[in-house]
Amino acid sequence: MRKALIAGNWKMNNETEKAVSLVNDLKTELKNVEDREVVVCPPFTVLKEVKKVICNSNIFLGGQNMYWEKTGAYTGEISPLMLKDAGCDYVIIGHSERRIYFGETNEFVNKKVKAAFAYNLIPIVCVGETLTQREKGDAFKVVEKQLREGLDGLKIEDFRKLVIAYEPIWAIGTGKTATPLQAEEVHKFIRELLENMFVGKSEEIRILYGGSIKPENISVLMACKNIDGGLVGGASLSADNFIKIVKFI
Ligand code: PGA
């Protein structure tokens, strides 16, 4: 049985005061939630402040990105060691905004995923197609390439802990959610592909959906067999909405 996971990706939002107030609300309202896992992924500058609030709670901390080296002359980058030091257990890797605006390739994703495991961080690996790719009938092909290259050479014991987020790019921040049918079709495809890549272990892997999740659509998405949670962007900036999403049933 896979435990549902709801992760809030705050992106480039929330300075200290807003961040602390938001997680304080989450901590209070979500304190009795046991049957699902909750993760918040704030910007780097507030990770430690957020950790202070959630350290004795059921909410986990995640980074939104990282570099794959441990230390060194990489101006502007954050290492897995630094994320651990700030109290993170998770890290988002290969988000489409990183791929589009910062040139991240599947090869980068692969190095980052391996580095995350080396430092005991669970990577939430994002994949998904653009609208043009979907309209050309290439959605499955794109997702398959992202997964085959992004997860190449992973150890089986690491693979079991992996979290995948399927985020169709046309649904991110657009208000246009994939229908449960569209999402489930790709989630099922991903699980079969993972089964094929890592023989017999895919039932343990959590595959999240991401793209305009709201309190109004979370239940129908979560009712799908292969959807194990959500990566929530915009709606995770409001305590009220994020709480409703976490308590989807
Ligand atoms: P959204 O973002 O919920 O605002 O569409 C999701 C994401 O980018 O992770």
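Above: the structure in question.
To start, this report covers the structure provided alongside it.

Conventions we followed
- All residue numbers here refer to positions counted from 1 along the written sequence of the relevant chain.
- Only residues with pLDDT of 70 or above have their local features reported here, since the model is predicted, and side-chain atom pairs are shown and tallied only from 80 upward, although totals for entire chains, interfaces and linings are computed over all residues.
- Calculated side-chain values reflect all of the structure's heavy atoms, with hydrogen atoms and water omitted.
- Pairing of aromatic rings covers Phe, Tyr and Trp, the last counted by its six-membered ring, and requires centre-to-centre distances within 6.5 Å; plane angles under 30 degrees mean stacked, over 60 mean edge-to-face, and any other angle means tilted.
- Strands are runs of DSSP state E lasting at least 2 residues, helices are runs of H or I lasting at least 4, and numbering of each runs from the N terminus.
- In what follows, salt bridge is the name for a side-chain nitrogen of Lys or Arg lying within 4 Å of a carboxyl oxygen of Asp or Glu.
- Type-normalised accessible area, obtained with a 1.4 Å probe on protein chains alone, sets the label of each residue: buried when under 20%, exposed when over 50%, and partly exposed for intermediate values.
- Every angle, taken between N-to-C directions, lies between 0 and 180 degrees, and every axis is a line fitted to C-alpha atoms, over only the stretch in contact when it is a helix.
- Take the far helix as the reference: if the near one is turned anticlockwise from it by less than a right angle, the crossing is left-handed, and if turned clockwise, right-handed.
- By definition in these notes, contact holds between two residues if any of their heavy atoms fall within 4.5 Å.
- As a working rule, the residues Ala, Val, Leu, Ile, Met, Phe, Trp, Tyr, Cys and Pro are called nonpolar, Asp, Glu, Lys and Arg charged, and the rest polar, with Gly in that last group.

1. Brief notes about the packing of aromatic side chains
Logical step 1: This model, assessed by the stated rule, comprises 7 aromatic pairs.
Logical step 2: Ring plane angle 75 degrees and centroid distance 6.1 Å describe the contact between phenylalanine 60 and tyrosine 90, whose orientation is recorded as edge-to-face. In this pair, phenylalanine 60 sits in strand β3 (residues 59-63) while tyrosine 90 sits in strand β4 (residues 90-93), placing the two residues 30 residues apart along the sequence.
Logical step 3: On the numbers, 3.6 Å between centres and 15 degrees between planes, the contact of phenylalanine 159 with phenylalanine 198 is stacked. Here phenylalanine 198 lies in the loop between α9 (180-197) and β7 (206-210) and phenylalanine 159 lies in helix α8 (residues 156-159), a separation of 39 residues in the sequence.

2. Side note on the pattern of salt bridges
Logical step 1: Enumeration according to the criterion identifies 20 salt bridges in this entry.
Logical step 2: The closest approach of N and O atoms between lysine 112 and glutamate 104, which form a salt bridge, is 2.5 Å. Pair check on accessibility: lysine 112 and glutamate 104 agree, each one buried.
Logical step 3: A single salt-bridge network, built from bridges that share partners, covers Arg2, Arg191, Glu203 and Asp228.

3. Quick word on the packing of helix α1 (residues 16-29) against helix α11 (residues 239-246)
Logical step 1: Between α1 and α11, whose axes approach to 10 Å, the crossing angle comes to 35 degrees. Of the two elements, α1 crosses α11, and the hand of that crossing is right-handed. Listed contacts from α11 to Leu22, Asp25, Leu26 and Glu29 of α1 are Ala239, Phe242 and Ile243.
Logical step 2: Across the contact of α1 with α11, the residue classes break down as 5 nonpolar, no polar and 2 charged.

Function cannot be inferred from these measures alone, as they are strictly geometric.
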